[in-house]
Amino acid sequence: DFFDFKVVSREDASLLGASRLAEAGCLLQSKRSDARAWVQRPAPLEFSLQVSTAEGGAAGTLQRWRFLPQFAVADAAGQQLAAGQVCARLTPDQPVSTVLVWTGGHGLEATLAGKIADARRGNLSMQVEAAGSSSGTAMPSSVRIWLRWEHAVAWGPPEEVSLRLASAVT
């Protein structure tokens, strides 16, 4: 769910700039996590890799690493978003929206970077609540962020305020 695995031949490796590859190697590329599929589940605690030869013998020891996933963010309609995409549109007719963030069970810091330029047009508020299962861990696997435009007043062109997500772990 998190990585694509590709076997790399000696010829492929030279194209990638790896000059000291014996016969073959492997390339792990991270995939975009599906927030909807993982919303109720925490991420695995570790990532393990076992390399075996064609003859079936172990070609080394089992390698284990701590698994730290990237956040996966979905808008109120359930569409998964990439970094920098608009996650919510607030209007005087629809002053509340939600954003779902799969954290994998890791802590999340959410902040609004900015505010509405003119306080007479209202103000923005944010509330973060657990959305997914915690499976016995201290942190839930997902959080729901409620964005509210309080005392909303319509005016000219749209104004953009950034929602910043960060984690001390990832």
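Use the structure listed above.
For every chain, the first residue of the written sequence is number 1, and numbering continues from 1 along that sequence. In keeping with the predicted nature of the model, local features appear solely for residues at pLDDT of at least 70, side-chain atom pairs appear and are counted solely at 80 or more, and the whole-chain, interface and lining totals rest on all residues. Each side-chain value is worked out from all heavy atoms of the structure, with water and hydrogens disregarded.

J.: Which parts of the structure should I look at to understand the overall build of the protein?
T.: Note on conventions: DSSP H or I runs of at least 4 residues are helices, E runs of at least 2 residues are strands, and numbering of each starts at the N terminus. Within the protein, the secondary structure is distributed over two helices and 11 strands. Each helix and strand of the protein, placed in order from N terminus to C terminus, yields the pattern β-α-β-α-β-β-β-β-β-β-β-β-β. Only protein chains enter the accessibility calculation, which uses a 1.4 Å probe; a residue is then buried when its area is under 20% of its type maximum, exposed when over 50%, and partly exposed in between. Out of the 170 residues belonging to the protein, those deemed buried represent 25%. Whether two residues are in contact is decided by their heavy atoms: any pair within 4.5 Å suffices. Contacts in the protein between residues far apart in sequence, at least 24 positions, make up 63% of those at least 6 positions apart. Surface accessibility follows the Shrake-Rupley procedure with a 1.4 Å probe radius. Residue values consider only the protein chains on display as shielding. In the form shown here, the protein has an accessible surface area of approximately 11,200 Å², with 51% of it arising from carbon and sulfur atoms.

J.: Would you explain the packing of aromatic side chains in this entry?
T.: How two aromatic rings sit relative to each other is given by the distance of their centres and the angle of their planes. Stacked, tilted and edge-to-face are the three classes applied to pairs of Phe, Tyr and Trp rings, where Trp contributes its six-membered ring and a pair requires centres within 6.5 Å; stacked means planes under 30 degrees apart, edge-to-face means over 60, and tilted covers the rest. Counted according to the given criterion, the structure contains one aromatic pair. Ring geometry for Trp149 versus Trp155: centroids 5.5 Å apart, planes at 85°, classification edge-to-face.

J.: Even after reading the chapter, I still don't get the sheet that holds strand β6 (residues 80-81), so can you show me in this structure?
T.: The pairing of strands in a sheet happens through backbone hydrogen bonds and is either parallel or antiparallel. When DSSP finds at least two bridges between two strands, those strands are taken to pair. Overall, antiparallel pairing links the five strands, which are arranged β6-β5-β7-β10-β9 in an open sheet. Sheet topology places β6 and β9 (123-130) at the edges, where each strand pairs with a single neighbour. Bridge analysis of strand β5 (residues 72-74) against β6 gives two bridges, and the strand direction is antiparallel. Bridging from a neighbouring strand, Ala74 pairs with Gln80 of β6.

J.: Where do I start with the nonpolar core in this structure?
T.: For soluble globular proteins, nonpolar side chains are generally found buried alongside one another. Nonpolar cores were defined as sets of buried Ala, Val, Leu, Ile, Met, Phe, Trp, Tyr and Cys residues, with membership established by side-chain atoms within 4.5 Å. One finds Val73, Leu81, Cys87, Val99, Val101, Ala110, Val143, Ile145 and Leu147 forming the largest nonpolar core, which totals nine residues. The set of elements that each furnish at least two residues to this core consists of β7 (96-102) and β10 (142-150). Non-local contacts of Val143, meaning those with residues more than four positions away in its chain, are made with Val99, Leu100, Val101, Thr103, Leu108, Val128, Glu129, Ala130 and Ala131. Phe2, Phe67, Ala72 and Trp102 belong to the second largest nonpolar core, which has five residues in total.

J.: Got a minute to help me understand the pattern of salt bridges in this structure?
T.: Side-chain pairing between opposite charges can occur once the charged atoms of the two side chains come close. By definition, a salt bridge exists where a carboxyl oxygen of Asp or Glu is found within 4 Å of a side-chain nitrogen of Lys or Arg. Counting across every chain of the model gives one salt bridge. Linking Asp118 and Arg120 is a salt bridge whose minimum nitrogen-to-oxygen distance equals 2.6 Å. Look at Arg120 and you get exposed, because its relative accessible area is 70%.

J.: It is not clear to me how the environment of Ser97 should be interpreted in this structure. Could you clarify?
T.: Among the structural elements, Ser97 can be located in strand β7. With 29 residues separating them along the chain, Ser97 and Met126 place their C-alpha atoms 9.9 Å apart. Residue contacts for Ser97: discarding those within four places in its chain leaves Ala76, Ala88, Leu90, Ile145, Trp146 and Leu147.

J.: Just to check I follow, could you spell out unusual backbone geometry for this structure?
T.: Backbone geometry follows two general trends: most residues other than glycine have a negative phi, and most peptide bonds adopt the trans configuration. Unusually for a residue other than glycine, His151 sits at a positive phi of about 55°. Take His151: its relative accessible area is 67%, and that puts it in the exposed class.

J.: Which parts of the structure should I look at to understand the side chain of Asp118?
T.: Structurally, the position occupied by Asp118 is in the loop between β8 (109-113) and β9. In protein, a polar contact requires one atom able to donate a hydrogen and another able to accept it; more generally it is a pair of N or O atoms within 3.5 Å, and residues adjacent in sequence count only if both atoms are side-chain atoms. A distance of 2.6 Å separates the side chain of Asp118 from the side chain of Arg120, its partner in a polar contact.

J.: Could you clarify how one ought to interpret the environment of Leu62 in this entry?
T.: Residue position: Leu62 is located in the loop between β3 (46-49) and β4 (63-66). Once the C-alpha coordinates of Leu62 and Leu49 are considered, the two residues, 13 residues apart in sequence, prove to be 5.9 Å apart. The residues contacting Leu62, other than those within four sequence positions of it, are Ser48, Leu49 and Gln50.

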